[in-house]
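# Geometric and topological summary
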Amino acid sequence: MTATPATTRLVGRDVPRVEDAALIRGRGRFVDDIAPPGLLHAAFLRSPHAHAAIARIDAEAARALPGVHAVFTLADLAPYLTDTRLVVALPSPAYRQELHRPVLAQTEVVHVGEAVAVVVAESRHLAEDAAALVEVEYDPLPPVADCVAALEAGAPTAHRDASSNLAAELVLEYGAVDAVFATAPHRFAERLSVHRGGSHSIECRGVVARPDPLEDRLTVWSSTQTPHTAHRLLCDLLGLEERAIRVITPDVGGGFGPKLIFYPEEVVVALAARLLGRPVKWIEDRSEHFVATTQERDQSWDVELATDNEGRILGLRGTLVHDHGAWTARGVNIPQGAVSAMPLAYVVPTFRMAMKVAVTNKVPTTPVRGAGQPQGVFAMERLLDKAARGLGIDRAEIRRRNLVPGERMPYATPLKTRGGMQVVLDSGDYPRCQSMALEGADWAGFPERQRAARAQGRYLGIGIANYVEGTGRGPFEHVSVRIEPSGRIVVATGAAAMGQSTHTMLAQLVAEQLGGDMSRVQVIAGDTAAAPMGIGGSNSRQAVLAGSSAHVAATRVREKVLHVAATMLEAAEGDLEIEGDAVQVKGVPEMKVTLAAVARAVAGTPGFAIPGGRGPGLGASEEVVIDAMAYANGTAVAEVEVDAETGGVTINNLVFAHDCGNALHPRIVDGQLMGGIAHGIGNALFEHMRYDEEAQPTSTTLADYLLVTATEMPPVRILHMHSPTPLNPLGIKGVGEAGVIPVPAAIASAIEDALSPFGVRIAQVPLSPVDLLALIDPQASGSAA
Amino acid sequence: MSDAMHDFTLTVNGQAYAIRVEARRTLADALREDCGLTGTHLGCEHGVCGACTVLMDGQPVRACLLFAVQAEGRAIRTVEGLAEGGALNPLQRAFAENHALQCGYCTPGFLMLGTAILETDPSISDEALVEALSSNLCRCTGYANIARAIRAAADAMSTEGAT
Ligand code: FES
Ligand code: FES
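Note that the structure is predicted; figures quoted are calculated from it, not measured. (Residues numbered from 1 in each chain as written. Chains lettered and ligands numbered in written order. Predicted model: local features only at pLDDT ≥ 70, side-chain atom pairs only at ≥ 80, totals over all residues. Heavy atoms only, no water.)

Next up on the list: the overall build of chain B. Summing up its helical and strand segments, chain B has five helices and five strands in all. Listed by position from the N terminus, the elements making up chain B come as β-β-α-β-β-β-α-α-α-α. Over its C-alpha atoms chain B spans a radius of gyration of 16 Å, differing by no more than 12% from the 15 Å that the globule rule assigns to 163 residues. Each principal axis of the C-alpha atoms in chain B carries an extent, and together these give about 50 × 35 × 25 Å. Sorting the 163 residues of chain B into buried and exposed places 55% on the buried side. (Helix = DSSP H or I, 4+ residues; strand = E, 2+ residues; numbered from the N terminus. Rg over C-alpha atoms; globule rule 2.2 N^0.38 Å. Buried < 20%, exposed > 50% of the residue type's maximum accessible area, 1.4 Å probe, protein only.)

It is worth spelling out the side chain of E752 of chain A at this point. Residues and elements named next belong to chain A. Secondary-structure assignment places E752 in helix α19 (residues 743-754). Here E752 falls in the buried class, since its relative accessible area comes to 5%. Filtering out sequence-adjacent residues up to four positions away, E752 remains in contact with R382, D385, R389, V760, R761 and I762. (Contact = heavy atoms within 4.5 Å.)

The next subject is the interface of chain B and chain A. When the parts of a complex come together, some accessible area is lost, and that lost area is often taken as the interface size. The interface of chain B with chain A comprises 45 residues on the first partner and 47 residues on the second. The largest per-residue losses of area from chain B upon contact with chain A belong to H99, Q102 and R139 of chain B, which jointly make up 21% of the total buried on that side. Where chain B touches chain A, the interface holds four salt bridges. A salt bridge links R139 of chain B to E687 of chain A, with the nearest nitrogen and oxygen atoms 2.7 Å apart. Here chain B and chain A share 17 residue pairs in polar contact (both at pLDDT 80 or more) between them. Secondary structure elements with two or more residues in the side of chain B that touches chain A: α1 (27-34), α2 (90-97), α3 (107-120) and α4 (126-133) of chain B. With four residues, the top contributor of residues to the side of chain B that touches chain A is α2 of chain B. Here the side of chain B that touches chain A is built from residues that sort into 22 nonpolar, 15 polar and eight charged. (Buried area = accessible area lost by both parts, 1.4 Å probe. Salt bridge = Lys/Arg side-chain N within 4 Å of Asp/Glu carboxyl O. Polar contact = N/O pair within 3.5 Å; in protein donor to acceptor, adjacent residues only side chain to side chain. Nonpolar A, V, L, I, M, F, W, Y, C, P; charged D, E, K, R; others polar.)

Glancing now at the pairing of strand β20 (residues 459-471) of chain A. When you tally the buried positions in β20 of chain A, you get 13 out of 13 residues, the bulk of the element. By the alternation rule, side chains of β20 of chain A split into Y459, G461, G463, A465, Y467, E469 and T471 of chain A and L460, I462, I464, N466, V468 and G470 of chain A, which are all buried.

Next up on the list: the packing of helix α7 (residues 227-238) of chain A against helix α8 (residues 264-276) of chain A. Residues and elements named next belong to chain A. Relative to each other, α7 and α8 sit at 55°, their axes nearing to 10 Å. Between α7 and α8, the crossing angle belongs to the class labelled oblique. Between α7 and α8 lies a crossing whose hand is right-handed. Contact residues: α7 offers A230, L234, L237 and L238, while α8 offers E266, V267, A270, L271 and R274. Per-class residue counts for the contact of α7 with α8 are seven nonpolar, no polar and two charged. (Axes fitted to C-alpha atoms, helices over the stretch in contact; angles between N-to-C directions. Parallel < 35°, antiparallel > 145°, perpendicular 65-115°, else oblique. Left-handed = near helix turned anticlockwise from the far one by under 90°.)

As a further point, take the sheet that holds strand β6 (residues 108-109) of chain A. Residues and elements named next belong to chain A. Here we have three strands laid out as an open sheet, ordered β6-β2-β8, and antiparallel in their pairing. Single-partner strands in this sheet number two, and they are β6 and β8 (135-140). Bridge analysis of strand β2 (residues 52-58) against β8 gives six bridges, and the strand direction is antiparallel. What sits directly across from I54, in β8, is Y138. (Pairing = 2+ DSSP bridges.)

On to the domain arrangement of chain B. Residues and elements named next belong to chain B. Here chain B is described as being made up of domain 1 (5-81) and domain 2 (90-162). One C-alpha centre belongs to domain 1, the other to domain 2, and the line joining them spans 22 Å. In this assembly, 17 residues from domain 1 lie in contact with 14 residues from domain 2. The junction of domain 1 with domain 2 conceals about 1,200 Å² of combined surface from both sides, 60% of it contributed by carbon and sulfur atoms. The largest share of the area that domain 1 buries against domain 2 comes from H41, T53 and V79, three residues that together contribute 34% of it. Counting every contact that joins domain 1 to domain 2 gives one salt bridge. In this structure, the salt-bridge partner of E119 is R77, at a minimum N-O distance of 2.7 Å. (Domains from an automatic or database assignment.)

Residue and element names in this part refer to chain A. Relative to strand β13 (residues 245-248), strand β12 (residues 217-222) runs parallel, the two sharing four bridges. Bridge pairing in β13 places V220 opposite V247. Taking the sense of rotation as the criterion, the β-α-β connection linking β12, α7 and β13 turns out right-handed. (Right-handed = clockwise from strand over helix to strand, strands pointing away.)

Let us look at the nonpolar core. Counting residues in hydrophobic clusters, the biggest one holds 158 residues, and the most contacted among them are W301 and I751 of chain A together with F95 of chain B. Ranked by residue count, the leading element in this core is helix α11 (residues 373-391) of chain A, at nine residues. (Core = buried A, V, L, I, M, F, W, Y, C linked by side-chain atoms within 4.5 Å.)

All names here are of chain A. Taken together, the side chains of D216, D236, E241 and E242 define an acidic patch exposed on the protein surface. Note that E242 resides in the loop between α7 and β13. Among the residues examined, E242 registers a relative accessible area of 57% and is labelled exposed. (Patch = residues over 30% accessible without salt bridge, like charges linked within 9 Å, V, L, I, M, F, W, Y side chains within 5 Å. Areas by Shrake-Rupley, 256 points an atom, 1.4 Å probe, with all protein chains shown as cover. Lys, Arg positive; Asp, Glu negative; His and termini not counted. Charge placed at Lys NZ, Arg CZ, Asp CG, Glu CD.)

The next thing to look at is the environment of V252 of chain A. Relative to the helices and strands, V252 of chain A is located in the loop between β13 and α8. Residues V252 of chain A and G392 of chain A lie 140 residues apart in sequence; the distance between their C-alpha atoms is 50 Å. What V252 of chain A contacts, discounting residues up to four positions off in sequence, is F30, E203, S223, T224, K259, A497, M498 and G499 of chain A together with C103 of chain B.

With that out of the way, let us pick up the domain arrangement of chain A. Residue and element names in this part refer to chain A. Examined at the domain level, chain A breaks down into domain 1 (426-471 + 628-785) and domain 2 (474-622). Here the C-alpha centroids of domain 1 and domain 2 sit 42 Å apart. Listed as interface residues are 15 residues of domain 1 and, on the opposing side, 15 residues of domain 2. When the two sides are added together, the surface that domain 1 and domain 2 hide from each other amounts to roughly 1,100 Å², 65% of it contributed by carbon and sulfur. Counting every contact that joins domain 1 to domain 2 gives zero salt bridges. Remark: the boundary between domain 1 and domain 2 carries one residue pair in polar contact (both at pLDDT 80 or more).

All names here are of chain B. One pass over the structure, following the stated rule, counts zero disulfides over all chains. The thiol of C35 is not disulfide-bonded; the next cysteine sulfur, from C52, is found 15 Å away. On the accessibility criterion, C35 (10% relative accessible area) is buried. (Disulfide = S-S within 2.5 Å.)

To continue, consider the confidence of the model for chain B. Mean pLDDT over chain B stands at 94; residues scoring 70 or higher make up 96%. Our summary of model confidence lists the complex with pTM equal to 0.95 and ipTM equal to 0.96. (pLDDT = per-residue confidence, 0-100.)

This next bit is on the environment of I24 of chain A. Looking at the secondary structure, you find I24 of chain A in the loop between α1 (20-23) and β1 (40-46). For I24 of chain A, a relative accessible area of 0% translates into the label buried. When sequence neighbours within four positions are dropped, the list of residues in contact with I24 of chain A reads V79, L88, Q92, F95, A96, L101, T107 and L111 of chain B.

All names here are of chain A. Spatially, seven strands are ordered β3-β7-β1-β14-β11-β12-β13 in an open sheet, and the strand pairing comes out mixed. The sheet is open, and its two edges are formed by β3 (68-72) and β13, each paired on a single side. Here the strands of the sheet are splayed against their neighbours by 20° on average, with no regard to which way each runs. Here strand β11 (residues 206-212) runs beside β12; their pairing, made up of six bridges, is antiparallel. The residue bridging D212 from the neighbouring strand is R217, located in β12. α7 contacts β12 and β13 of the sheet and is inclined by roughly 150° relative to β13. With respect to the sheet, α8 is in contact with β1, β3, β7 (115-121), β11, β12 and β14 (280-283), its orientation differing from that of β11 by roughly 30°.

Residue and element names in this part refer to chain B. Interhelical geometry of α2 versus α3 gives an angle of 130° and a closest axis separation of 10 Å. Classed by the angle they form, the pair α2 and α3 counts as oblique. Where α2 crosses over α3, the two elements pack in a sense that is right-handed. Contact residues: α2 offers L91, Q92 and F95, while α3 offers T107, F110, L111, G114, T115 and L118.

In structure tokens form, the structure reads like this:
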């Protein structure tokens, strides 16, 4: 089935969000709002060095401070842990060394911000005061600050006992790429450096752990995107049975990737609470977020495109060096995602990308909204611009010639996912989507606008970028739907909400089947006591996976409700409908039985048969398995003006045409895209996580690391295509990350176009005014004017 | 370190809170922890993000940059005071109707900033509105819907006022 507003009452419509009522009253419950009685506060002592040996830790003075309950180092905690490392790496044959990060650093620190000890005290202020009294004697070691230099012969190693800085290497290839390059009529090479910073959700991370002696259970509230993973790791590390720990994700103030990681602070706070028998809270502050929460950072690309005389792609090859940071906090999925995203929108007959993942003395890198894909798209689109220029073909036209055409869907690419499954583009019409964007941006009329502006000494440029994104990574998400004896509908899921309207999405899908009143549906997301299993939020997956499970579970409950009600009303099932809180005979609303009555009828009475003959209860639980990813696509066109005197860039217009299949809630889809677009603008022009040569971070406040504000947002026009995917019953594709993916590439393309009189070539993002001024050749400026 | 404690009264949303805090206690912490008003959020604690925006004598201020003692004798307003008698006010309604929030973490700050804008300059130009909003950060929405919501609230209030 496909859900379209013509046949649905809630799905596909802009219904009010169920999250809003509490949030706009200031009654949200974020992790820092949780304050159980007897609460103690934790502060972490963090390394000021990028790389140093720890000679000695002396915490006596700190422990002696009144109000301090404990200072723990790894030596203090190790006896209570089954492992002193966080073994969280995704499986891959690519690893060349094991880099499981320690719960706390003990003998060596490998990045600024790495946690060395924790202080637990009556207040956060006291804990911080005491942390300043912990004496750590460090012997500085040579730091590794740059991922490319890290792999050069003779480079110091980021870990003193390591034999190299190669964390992993892998090659993604198909076809006889070198043979194709040897005879190709045209080859275009680029060396690119692509930087992405952090996620910078406005809420930082936080953990509250509360031991409950009555229930003999530890409750942990964490601002995590993956509560079930946190639960498993906490049980493993603390050696506790599953029932002994409950992890709850309260309201989360934005995730964007890094909150899906399991962090040292989560286990340390949980263990501290157990050891002290008191609730303990740790709330990350922004300066910690810069040095302790994972980010994406640097990639260096050497890439080459081979084409025929018409600009048709014959092959694509190159190398990528990726900054891994000091530990494996997730895996090799950023470089892998980046490289996989590169050819996806286009027909690329031969391909080889060799990736090297370099250890550096910096915060570990893990996916941030987009997860490498913006970088891969940037590399591909830069090459296509270069080829267009070299061959004298319009930039949009060269793309049109190479996009996977609509009539070839489903299109089996030779690529494989990280799980080894073939990448099959399931649906869509990429060239048509690009045409929509071009038309929306008046691409054809741009040369005239550009000429007119140049005549006034102004530099306008237009740029384009395409993307195809694998969304809805499987295998499943758990959802249960149950009608309680009160008649209320309870939905529990392993999905986790962090601002993407997950509660609304699930309430909408379930209410659609069960009476159409969302206010009767209570959604419990991110509570390991409510859902036996779950994967959580990442990979633009929750609407696809949890949405599908919710839809199927609710449909099953609906069938049972109608069946039992038919027995109770002595009517035919087909004559019944569920309306609000009751099942009624169509057109005869007086003939009805409430959902509560139906639920009670099948709740069971000792010695009596259950009516309907379909077993007890009105519940269904689903884990719809969807292994194949649903591929969404889109095109961004940006029009910019560059001030050649200041290097300042103004985005005059941004058109984003996309196809995410059916939209469950059009306004939420637009909201997700707008947030992603804003993030993409930040990646193109502003966000730079800077380190010096000693691997000391130098952008550690939001005054140095610039997030896009209202004034930097251009007028944005979002255009929609709806090609439902056949891969899930709702026909939807994920949309949480799409906005960010093509935007840096489109802006770079536009800036290069604007500065073409100066012969400027864009090979990097972000592009600050200082960067651009350095690229603008003043001599050329003089002759062009 | 062992600062002397200060006893005084904070007036928040018209209600008096007798609190006892160290001189270094920020207004944000005092609101959240001593008054139990956790609607005011912290996003940076260095005066950039605006998540902690509250009104002090009608002016938007960063509660993370003020000490609680500086707010003695002033009228503080926070997000909890917006709903009049439990009913959402026009600005709150406009935020929901225009999807001006996703995670909602920045929202209390934007609501208070918006309140100040509506009270001081209800017919503010679009440009000035965007300029004013640039003092707060949101990572989820891309801002357009926040501006739209404040505009919609201004319109709703002016027609309400006219009728
Ligand atoms: S928390 Fe006050 S401005 Fe960010
Ligand atoms: S709604 Fe999430 S930060 Fe603004």
